Amino acid sequence: MPGTTTSGIDRITYCLKRKPVIATLVHENDLSEILQTTSHIVCVLKADIFTLGETVNQIREAGKLSFIHFDLVEGLGKDKVGVAYLAKTIGADGIITTKSSIISEAHKLGLITVQRLFTFDSVSLDNGIKLAKASKPDAIEVLPGMVCSKIMGRIRKETDIPVIAGGLMIDMDDLNGAIQSGAIGISTSSKELWRWQDQQ
């Protein structure tokens, strides 16, 4: 793994270069299986402030980076104090959020930042790109990931921020489509894709 002085973009790119599948933890009882995978990054999708610390500790001990879905942590204030709690008390490596203000605060605290971009239509896509250009996250997570092949050209006209495909990434067709479109990786809770990566 690169040292802590390496930029967030470089760290994400390095982690996903040979292992493009980010394992997403949705159910707590899947943690032990995730820790055995070859994924370099684990996204914690659902958690609460009572269990998050131990989850992040186990992810760190397994030699992986922990990215926390900030907007979905139960009991966590959705403000700069909440970001500081993740960075200083929990020891998370990265944060995932839709909120530009949270991305900016997380940058100040040295967290790797991923901004979620939900693409319901052209307006949401344009607004999402505009927000990302302003907040400058280390990566953009496009949801649903299957639309990457349709919108990547539009994103690339506006920014060179790396793209991760997330949401409804279920099988090899989804993975291949995302990578071929130019995404640097995918985030998924699909055990089929975890296992495929483990065999590579």
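Residues numbered from 1 in each chain as written. Predicted model: local features only at pLDDT ≥ 70, side-chain atom pairs only at ≥ 80, totals over all residues. Heavy atoms only, no water.

Thoughts on helix 6 (residues 122-135)
Line of reasoning, step 1. End to end, helix 6 covers 20 Å across 14 residues, agreeing with the expected 20 Å (1.5 Å per residue, within 8%).
Line of reasoning, step 2. Within the span of helix 6, buried status applies to S124, L125, G128, I129, A132 and S135. Viewed end-on, helix 6 has its buried residues packed into an arc of 140°, placing them on one side of the element. In helix 6, the exposed positions angled more than 90 degrees off the buried face are occupied by V123, K130 and A134.
Line of reasoning, step 3. Contacts from the buried residues of helix 6 go to helix 5 (100-108), strand 7 (112-118), strand 8 (139-143) and helix 7 (148-158).
Line of reasoning, step 4. K136, located one to two residues past helix 6, shows a positive phi value of around 55°. (Helix = DSSP H or I, 4+ residues; strand = E, 2+ residues; numbered from the N terminus. Expected span 1.5 Å × (residues − 1). Buried < 20%, exposed > 50% of the residue type's maximum accessible area, 1.4 Å probe, protein only. Arc of directions from axis to C-beta. Contact = heavy atoms within 4.5 Å.)

Observations regarding unusual backbone geometry
Line of reasoning, step 1. Cis geometry is found at the peptide bond from L143 to P144, where omega equals -10°.
Line of reasoning, step 2. Mapping P144 onto the fold places it in the loop between strand 8 and helix 7.
Line of reasoning, step 3. The backbone of K136 sits at a positive phi, close to 55°, despite the residue not being glycine.
Line of reasoning, step 4. With respect to the secondary-structure elements, K136 resides in the loop between helix 6 and strand 8.
Line of reasoning, step 5. Residues other than glycine seldom take positive phi values, yet L168 does so here, at roughly 60°.

Quick word on the pairing of strand 10 (residues 185-188)
Line of reasoning, step 1. Of the two faces of strand 10, the one lined by G185 and S187 and the one lined by I186 and T188 are each fully buried.
Line of reasoning, step 2. Direction of pairing for strand 9 (residues 163-166) relative to strand 10: parallel, over a ladder of 3 bridges. Bridge assignment links G166 to a residue of strand 10, and that residue is S187.
Line of reasoning, step 3. With respect to chirality, the unit in which strand 9 leads through helix 8 (residues 172-181) into the neighbouring parallel strand 10 is right-handed. (Pairing = 2+ DSSP bridges. Right-handed = clockwise from strand over helix to strand, strands pointing away.)

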